[in-house]
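Architecture and fold: a report
Listed below are the residues making up each chain.
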Amino acid sequence: MEDVAALEPEARLMLRVREGDDESFGVLLSQHRGPVISFLYRMVQNPAVSEELAQEVFLRVYRARSTYEPTAKFRTWLYRIATHVALNWIRDGKSEKGQQSLDVEVAGVVIEVPDRAPTAEQSLVREARMAEIRTAIQALPERQRAAVLLHKYEGLDYEQIGEALGMSESALKSLLFRAYETLRRRLAHLA
Amino acid sequence: MNCPMQNKQDEEILLHYCSGRLATDRAAEVEIHAKTCAQCARWIANQNAVWNALDDFTAPAVSPEFQARVYQRLEAEPSGSWWKQGFKQEWKQKWFSAWRPALAMVAVAAALAVGVMVRQPQILQPPTKASMETVDMYQVDMDQVNMDQVEHALEDLDLLTPRAGASRL
């Protein structure tokens with residue numbers, strides 16, 4: 001029998017989903033849709049595809065409810081699914097098809113803008129900077145990309161990222177250092 | 001503090017420091033060291049530049065209908081609505097887990113029975129008393145039918161024979 005009280009809130013919610021409480025699934029969906037979509041967006045760099053993949057992630061979470069065991073943190077489990085879905089999509093070569101529309105979508109991406117409206121020049125500089133960062137991230141091998149994104153944006157620790165990517169902590173550290181080394185070479189001038 | 005750049009294994013301290021995940025006392029040690037180590041200072045500056053640049057890589061806002069789309073896809077799952085399917089799956093799982101031992105025993109017993117039937121040779125059963133009586137009864141009926149037929153046949157023969165008919169008359 002699990003000590004439910006000792007579990008993290010998300011794991012408790014997931015156990016309720018396992019018992020048939022669909023409202024708890026709705027709560028988990030509301031809490032995690034934003035971060036999951038952001039992670040997937042940075043992985044595939046296509047807003048429409050990232051939402052589609054995020055739907056798939058939550059469908060898999062729901063389908064797996066009956067076998068769910070809170071052995072790992074819920075977020076680790078969730079990002080493991082999300083990483084798997086994203087890597088599959090990239091490996092299936094669908095990213096190349098999506099890349100055609102990427103240039104068009106760059107302009108359509110909703111960017112958080114400061115209260116003061118930027119000048120046209122500032123906007124152009126910002127766009128160019130953004131494009132450079134996107135290109136540098138996109139150029140990373142897919143597992144390195146996932147590791148950096150989980151480390152930088154999702155705040156997962158080495159153990160969690162290793163678990164999400166299915167590798168040891170030491171292998172993950174090595175992967176992550178290589179990824180940041182590449183990014184330092186390409187982006188250090190943006191300081 | 002030893003120079004993290006001299007020892008590759010300690011390099012992660014620098015990455016922790018730049019990610020803001022190092023404990024305060026350890027972070028202070030790194031800062032003191034970086035003031036006297038140009039190599040570490042450069043590494044930190046470059047990593048901070050990358051870290052800050054990545055902050056600009058923002059994601060688009062989630063579309064308002066995202067949640068509704070997830071529910072639509074759950075509804076579209078085969079065999080009815082998603083919550084019904086979930087209920088069915090759970091029910092099936094509970095039912096099978098409850099009856100699994102009994103089902104296993106029934107399956108073993110059935111397999112044994114089939115095995116015994118296949119191995120045992122066919123034995124001719126001796127007739128029972130009841131079955132013999134049934135046979136006798138039919139036999140009697142058959143005898144009576146035959147006797148009547150014989151008597152009728154004989155009478156017919158007598159009538160047809162002139163001498164026999166004359167003697168009767």
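Small disclaimer: the values here were computed from a predicted structure and weren't measured.

1. As for the overall build of chain B
Each helix and strand counted, chain B has seven helices and zero strands in total. Secondary structure elements of chain B, listed N to C terminal, follow the sequence α-α-α-α-α-α-α. Across the 169 residues in chain B, those meeting the buried criterion constitute 12%. For chain B, restricting intrachain contacts to residue pairs at least 6 apart in sequence, the fraction spanning at least 24 positions comes to 44%.

2. Some thoughts on the overall build of chain A
Scanning chain A from terminus to terminus reveals 10 helices and zero strands. Walking chain A from its N terminus toward its C terminus, one meets helices and strands in the order α-α-α-α-α-α-α-α-α-α. By residue count, 36% of the 191 residues in chain A fall in the buried class. In chain A, of all internal contacts separated by at least 6 residues, the share reaching a separation of at least 24 is 67%.

3. Some words on the nonpolar core
Ranked by size, the top nonpolar core spans 63 residues in total, and within it Leu40, Leu53, Ala82, Ala86 and Ala147 of chain A together with Leu14 of chain B carry the most contacts. With nine residues, helix H2 (residues 22-44) of chain A is the largest single contributor of residues to this core. Beyond its immediate sequence surroundings of up to four residues, Leu53 of chain A is in contact with Leu40, Val44, Val85, Ala86 and Trp89 of chain A.

4. Considerations on the interface of chain A and chain B
Opposite the 35 residues of chain A that make contact, chain B presents 30 residues. Contributing elements (two or more residues each) for the side of chain A that touches chain B: H2, helix H3 (47-63), helix H7 (120-139) and helix H10 (169-187) of chain A. Per element, the largest residue contribution to the side of chain A that touches chain B is eight residues, and it comes from H2 of chain A.

5. Focus on helix H1 (residues 11-18) of chain B
Residues of H1 of chain B that are buried include every one of Ile13, Leu14, Leu15, Tyr17 and Cys18 of chain B, and no others. If you follow the buried residues of H1 of chain B, they end up packed against H10 of chain A together with helix H2 (24-36) and helix H3 (38-55) of chain B. Just beyond H1 of chain B, the residue with positive phi is Gly20 of chain B, at close to 70 degrees.

6. Digging into the confidence of the model for chain A
When pLDDT is low, close inspection of the predicted coordinates is not appropriate. Residue and element names in this part refer to chain A. Mean pLDDT over chain A works out to 87, with 86% of the residues at or above the 70 mark. Of all secondary-structure elements in chain A, the lowest mean pLDDT belongs to helix H6 (residues 102-108), at 41, while helix H8 (residues 142-152) reaches the highest, 97. Taken as a whole, residues 100-114 scores under 50 in pLDDT and shows 12 contacts with residues more than four places along the chain or in a different chain.

7. A look at the confidence of the model for chain B
Residue and element names in this part refer to chain B. Averaged over every residue, the pLDDT of chain B is 73; residues scoring 70 or more account for 57%. Confidence drops under a pLDDT of 50 for residues 159-169, and excluding neighbours within four residues, the segment shows two contacts in the predicted structure. Predicted as a complex, the structure gets a pTM of 0.68 and an ipTM equal to 0.80.

8. Side note on the environment of Ala34 of chain B
Residues and elements named next belong to chain B. Within the fold, Ala34 resides in helix H2. Distance in space between the C-alpha atoms of Ala34 and Pro4 is 10.0 Å, their sequence separation being 30 residues. With sequence-adjacent residues up to four places away left out, Ala34 is seen in contact with Cys40, Ala41 and Ile44.

9. A closer look at unusual backbone geometry
The phi torsion of most residues other than glycine is negative, and most of the peptide bonds are trans. All names here are of chain A. One non-glycine residue, Gln45, lies in positive phi territory at about 55 degrees. Note on placement: Gln45 falls in the loop between H2 and H3. Overall, Gln45 belongs to the buried group, with 22 C-beta atoms counted inside 10 Å.

10. Things to note about the packing of H2 of chain A against helix H4 (residues 74-91) of chain A
All names here are of chain A. Their axes nearest at 10 Å, the elements H2 and H4 cross at an angle of 30 degrees. One element, H2, and the other, H4, form an angle in the roughly parallel class. When the axes of H2 and H4 are compared, the crossing they make is right-handed. For the pair formed by H2 and H4, the contact residues are His32, Val36, Phe39, Leu40, Met43 and Val44 on the first element and Leu78, Tyr79, Ala82, Ala86, Trp89 and Ile90 on the second.

11. Description of the packing of H4 of chain A against H8 of chain A
Residue and element names in this part refer to chain A. At a minimum axis separation of 11 Å, H4 and H8 run at an interaxial angle of 145 degrees. Note on packing geometry: the crossing formed by H4 with H8 is right-handed. Only Glu142, Ala146 and Leu150 of H8 make contact with H4, whose side of the interface consists of Tyr79, Thr83, Ala86, Leu87 and Ile90. Its residues assigned to classes, the contact of H4 with H8 comprises six nonpolar, one polar and one charged.

Rules used in this analysis
Residues numbered from 1 in each chain as written. Chains lettered and ligands numbered in written order. Predicted model: local features only at pLDDT ≥ 70, side-chain atom pairs only at ≥ 80, totals over all residues. Helix = DSSP H or I, 4+ residues; strand = E, 2+ residues; numbered from the N terminus. Buried ≥ 20, exposed ≤ 12 C-beta atoms within 10 Å, placed from the backbone. Contact = placed C-beta atoms within 7 Å. Core = buried A, V, L, I, M, F, W, Y, C linked by C-beta atoms within 7 Å. pLDDT = per-residue confidence, 0-100. Axes fitted to C-alpha atoms, helices over the stretch in contact; angles between N-to-C directions. Parallel < 35°, antiparallel > 145°, perpendicular 65-115°, else oblique. Left-handed = near helix turned anticlockwise from the far one by under 90°. Nonpolar A, V, L, I, M, F, W, Y, C, P; charged D, E, K, R; others polar.

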